[in-house]
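Close look at the chain arrangement
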Amino acid sequence: MNVEFYERIWMWAAVGLLVIFVGTIVLTAANDAVRPPSHIETVDPAALADSPEYGNPAVAVRPDGSIVVSVVTQMYSFSPDPIVVPANRPVTFRITSSDVMHGFEVVGTNANAMAIPGYVSQFTVTFKRPGEYIVGCNEYCGILHHNMVGKLIVREESR
Ligand code: CUA
């Protein structure tokens, strides 16, 4: 079969691009442990009020000094609100929903996860810039979805 020289170049360019893209995913997944934030931990969405963690969702400091923020999303708010965390320290978010699927996005950062009823979405971020951030829901969740806005305050730590 005769394939034009230029066509041959573009065919191999397309194959090369595929290899680069898939390779990037495989490399970052294996090397930097980059993976989707949802992890396989379940929680009963109907019993959140009785849950030790989600009954009164809050910012907690673990004995080793790490920060854990438990967040419950519901139509149409985030709890706790505002969320107050220190700057330049790893903050682990553990997010769930008591009703429908919501989003949890700290605008202007890469903190972004789905809040899925029945599951805990967990990820860890370090906020470098102190200030006030908007937390937005980025999954359509009902008639007042656009009103589902919270606040995250990143405090400069005094040492
Ligand atoms: Cu919650 Cu949109």
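Just above sits the structure.
This brings us to the sheet that holds strand S8 (residues 112-115). Spatial ordering of the open sheet is given by S5-S11-S10-S7-S8, a layout of 5 strands whose pairing is mixed. Because the sheet does not close on itself, it has two edges, and the strands there are strand S5 (83-86) and S8. With direction set aside, neighbouring strand axes in the sheet form an average angle of 25 degrees.

Ranked by size, the top nonpolar core spans 25 residues in total, and within it Val85, Phe93, Phe104, Phe127 and Leu152 carry the most contacts. Residue assignment for this core shows that the elements contributing at least two residues are strand S3 (67-74), S5, strand S6 (90-97), strand S7 (102-106), S8, strand S9 (119-126), strand S10 (131-136) and strand S11 (149-155). In contact with Val85, other than residues within four places in its own chain, are Val59, Ile67, Val69, Val91, Phe127, Leu152, Ile153, Val154 and Arg155. Ranked by size, the runner-up nonpolar core spans 5 residues in total, among them Leu48, Tyr54, Val72 and Val120.

By secondary structure assignment, the location of His102 is in strand S7. A polar atom in the side chain of His102 sits 2.7 Å from the side chain of Asp99. With sequence-adjacent residues up to four places away left out, His102 is seen in contact with Thr73, Gln74, Met75, Ser97, Ala113, Met114, Ala115, Cys137, Glu139, Cys141 and Met148.

Moving on, we get to the packing of aromatic side chains. A complete count under the given rule lists 6 aromatic pairs for this structure. Between the aromatic rings of Phe127 and Tyr133, the centroid separation amounts to 6.0 Å while the plane-to-plane angle is 40 degrees, which identifies the pairing as tilted. The buried category is assigned to Phe127, whose relative accessible area is 4%. These aromatic residues form a ring-pair network of at least three members: Phe78, Phe93, Phe104, Phe123, Phe127 and Tyr133.

Our next topic: the environment of Glu139. Within the fold, Glu139 resides in the loop between S10 and S11. A relative accessible area of 22% means that Glu139 is categorised as partly exposed. The sequence separation of Glu139 and Gly65 amounts to 74 residues, and the corresponding C-alpha distance is 32 Å. Aside from chain neighbours lying at most four places away, what touches Glu139 is Met101, His102, Gly103, Met114 and His145.

End to end, helix H1 (residues 5-31) covers 38 Å across 27 residues, agreeing with the expected 39 Å (1.5 Å per residue, within 8%). Two residues or fewer past H1, Ala33 is found with a positive phi of approximately 55 degrees.

Our next topic: the pairing of S6. The buried fraction of S6 is high, at 7 of 8 residues. Where S6 and S9 come together, 6 bridges link them in antiparallel fashion. Directly across from Arg94, in S9, lies its bridge partner Gln122.

The subject of this paragraph is the environment of Ala46. Checked against the element boundaries, Ala46 lands in the loop between strand S1 (38-42) and strand S2 (59-61). Separated by 104 residues in sequence, Ala46 and Gly150 place their C-alpha atoms 23 Å apart.

Scoring rules and cut-offs
Residues numbered from 1 in each chain as written. Predicted model: local features only at pLDDT ≥ 70, side-chain atom pairs only at ≥ 80, totals over all residues. Heavy atoms only, no water. Pairing = 2+ DSSP bridges. Helix = DSSP H or I, 4+ residues; strand = E, 2+ residues; numbered from the N terminus. Axes fitted to C-alpha atoms, helices over the stretch in contact; angles between N-to-C directions. Core = buried A, V, L, I, M, F, W, Y, C linked by side-chain atoms within 4.5 Å. Buried < 20%, exposed > 50% of the residue type's maximum accessible area, 1.4 Å probe, protein only. Contact = heavy atoms within 4.5 Å. Polar contact = N/O pair within 3.5 Å; in protein donor to acceptor, adjacent residues only side chain to side chain. Phe/Tyr/Trp six-rings, centres within 6.5 Å; stacked < 30°, edge-to-face > 60°. Expected span 1.5 Å × (residues − 1).

So far we have only geometry, and geometry alone does not tell us how the molecule works.
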